[in-house]
Amino acid sequence: MSAWKVYYDGNFWGHHGRDHAGREIRIDKWFMWADRQWWIPAAYSSGKGLVMDFCMRIEAEQIQAFIKRWNLSAENDSCECFTKDQQMEMERENPLNLDFTPQLEANGKKLRMKHGCAICYNPCLPEGTRNEREAERAADHYHLDTAYGWVIYRYAFPWKSGRRSEISSLSLTMIQRPAALPGARFSAKREGDKVSFTHPVSGEEYVLTVLEIRQQTLPLSNTFGSERWEYPSHFCTMRYTLCPEIPESELSIIDSAECDQPRPKEGTHDECQPGASSGATAVGMIGGADGPTTIIISAKNEEKSRIASSALHYAPVTEVEWRMIFREKPYDETSVKLF
């Protein structure tokens, strides 16, 4: 094993660029947040910015309970074995998963995270399997108790001034990113249709009213111009209102179906198919994997409306099963003084 070095332009598996390895700043700070124990062992000061490692500790019993609840094994531990709704539930319940944004304040100046990565040490793996080598190496370097589960996050923060600073004070704010919750599925066929639904967390009642449903086709100029591949171009949009209003960041409506995959044009053949990544690109042309949530102000009555877009298909889209995706943050942000 090479010596332990941490780079601003790097991760647990390697680095790129010409930046030198960062100088270690020992921190050794423990704190509780999001029902988990956290330890900040060290930060690393480099010419481009500050890199910090976050160690999240999880009880082995929690991991075992999660594995038992979902009957996970080496044979079914993949996305193909579960529905999308189940995958969202698993992501929320997984004790080894927590999506968050860290913010630092160094010498009174805020440093915002630029990029990051994470590795996981799981003490509950089935017999015959082992943790990733880099996870074992990090656990060994920081002398982590391997009777617990650990997620080691590494985040990079560029210097505010663009130059390295000597740090006299350092504090941290932990902010959870919203987690997805599966909601109701519904179909809407015409203007005026109404759908009543309940927020899965707050229990509040809402009504969705359909204002317009339109069949649409992407212009040829937006279908990539490939000589070999044909891409789906038909989709459907639904314009709607919500009463009472709910922030866009907390609810989106997407198509339950997947986009049709690209296919070779007639008379062409290529063994290297674009695959799922090309399908994702097609979705992005309309508004991303969750579909657009653009707010449009109606000139007639100033009524706020939103637009949901279906998946892309080769044939005109006549029926769509829409699905609601809620997002919520169970944990409030917290601030910790590191030194």
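Residues numbered from 1 in each chain as written. Predicted model: local features only at pLDDT ≥ 70, side-chain atom pairs only at ≥ 80, totals over all residues. Heavy atoms only, no water.

*Asks:* If you had to explain the overall build of the protein to someone new, which residues and values would you point to?
*Replies:* Each helix and strand counted, the protein has four helices and 19 strands in total. Each of the 339 residues in the protein was classed as buried or not, and the buried ones make up 43%. The contacts of the protein with a sequence gap of at least 6 include a subset with a gap of at least 24, amounting to 73%. If you sum the accessible surface of the protein, you get close to 18,800 Å²; carbon and sulfur atoms cover 47% of it. (Helix = DSSP H or I, 4+ residues; strand = E, 2+ residues; numbered from the N terminus. Buried < 20%, exposed > 50% of the residue type's maximum accessible area, 1.4 Å probe, protein only. Contact = heavy atoms within 4.5 Å. Areas by Shrake-Rupley, 256 points an atom, 1.4 Å probe, with all protein chains shown as cover.)

*Asks:* Please provide a residue-by-residue account of the packing of aromatic side chains, values included.
*Replies:* Evaluated as defined, the whole model comprises 18 aromatic pairs. An aromatic cluster is present here, built from F31, W33, W38, F54, F100, Y153 and Y155 joined pairwise through their rings. Seen from the ring of Y148, R57 lies directly overhead, with NZ or CZ sitting 4.2 Å from the centre. Just above the ring of Y314 sits the side chain of R263; from NZ or CZ to the centre is 3.5 Å. (Phe/Tyr/Trp six-rings, centres within 6.5 Å; stacked < 30°, edge-to-face > 60°. Lys NZ or Arg CZ within 6 Å of the ring centre and 35° of its normal.)

*Asks:* Please give an account of helix α3 (residues 133-141) that cites residues and values.
*Replies:* All buried positions along α3 are accounted for by E134, A135, A138 and A139. Relative to the axis of α3, the buried residues are bounded by an arc of 135 degrees and lie together on one face. For α3, the exposed residues lying more than 90 degrees away from the buried face are R133 and D140. Along its buried surface, α3 packs onto β6 (115-121) and β7 (149-158). Taken from the residues just after α3, H143 is the one with a positive phi, measuring 55 degrees. (Arc of directions from axis to C-beta.)

*Asks:* Give a detailed account of unusual backbone geometry, specifying residues and quantitative values.
*Replies:* That bond from C243 to P244 is cis: its omega, -5 degrees, falls within 30 degrees of zero. As for its position among the elements, P244 is in the loop between β13 (234-243) and β14 (251-255). A positive phi angle, near 55 degrees, is found at D28, a position not held by glycine. Here D28 is to be found in strand β1 (residues 23-33).

*Asks:* Would you mind going over the pairing of β13 in detail, with residue names and values included?
*Replies:* Looking along a regular strand, one sees side chains alternate from face to face of the sheet. Summarising burial for β13: seven of the ten residues are buried, a large majority. Direction of pairing for strand β11 (residues 205-217) relative to β13: antiparallel, over a ladder of ten bridges. Within the sheet, the bridge partner assigned to V207 lies in β13 and is C243. In this sheet, strand β17 (residues 304-309) lies alongside β13 in antiparallel orientation, the contact comprising four bridges. The residue of β17 that forms the bridge with T237 is S309. (Pairing = 2+ DSSP bridges.)

*Asks:* Just give me the short version of the pattern of salt bridges, but keep the residues and values in it.
*Replies:* This model, assessed by the stated rule, comprises 17 salt bridges. Ionic pairing is found between K48 and D9, a salt bridge with its closest N-O pair at 2.4 Å. Within this pair, whereas K48 is found in the loop between β2 (36-45) and β3 (49-58), its partner D9 is found in the segment before β1, the two being separated by 39 residues in sequence. Using a relative accessible area of 40% as the deciding quantity, one classes K48 as partly exposed. By relative accessible area, which is 13% here, D9 ends up buried. Taking the shortest distance from any N to any O, the salt bridge between D193 and R190 comes out at 3.9 Å. We classify R190 as exposed; its relative accessible area is 51%. (Salt bridge = Lys/Arg side-chain N within 4 Å of Asp/Glu carboxyl O.)

*Asks:* Lay out the sheet that holds strand β4 (residues 100-106) with the relevant residues and their values.
*Replies:* Two modes of strand pairing occur in sheets, parallel and antiparallel, and in both the strands are linked by backbone hydrogen bonds. As summarised here, the arrangement of the four strands in space is β5-β4-β8-β19, forming an open sheet in which the pairing is antiparallel. The open sheet has two edge strands, β5 (109-112) and β19 (334-337), and neither has a second partner. Strand-to-strand twist in this sheet, taken as the mean axis angle between neighbours without regard to direction, amounts to 25 degrees. Sheet topology places β4 next to β5; four bridges connect them, and they run antiparallel. (Axes fitted to C-alpha atoms, helices over the stretch in contact; angles between N-to-C directions.)

*Asks:* Describe the environment of E328, naming the residues involved and giving the relevant values.
*Replies:* With respect to the element layout, E328 can be found in strand β18 (residues 321-328). A relative accessible area of 16% places E328 in the buried class. For the pair formed by E328 and L181, sequence separation is 147 residues and the distance between their alpha carbons is 7.7 Å. Discounting chain neighbours no more than four positions away, the residues touching E328 are R92, P178, A179, L181 and V201. Among the polar contacts listed, one links the side chain of E328 to the side chain of R92, at a separation of 3.1 Å. (Polar contact = N/O pair within 3.5 Å; in protein donor to acceptor, adjacent residues only side chain to side chain.)

*Asks:* Could you give me a rundown of the environment of E105, with the residues and numbers involved?
*Replies:* Considering the arrangement of structural elements, one finds E105 in strand β4. Setting aside its immediate chain neighbours within four residues, E105 contacts K110, S169, L170 and S171.

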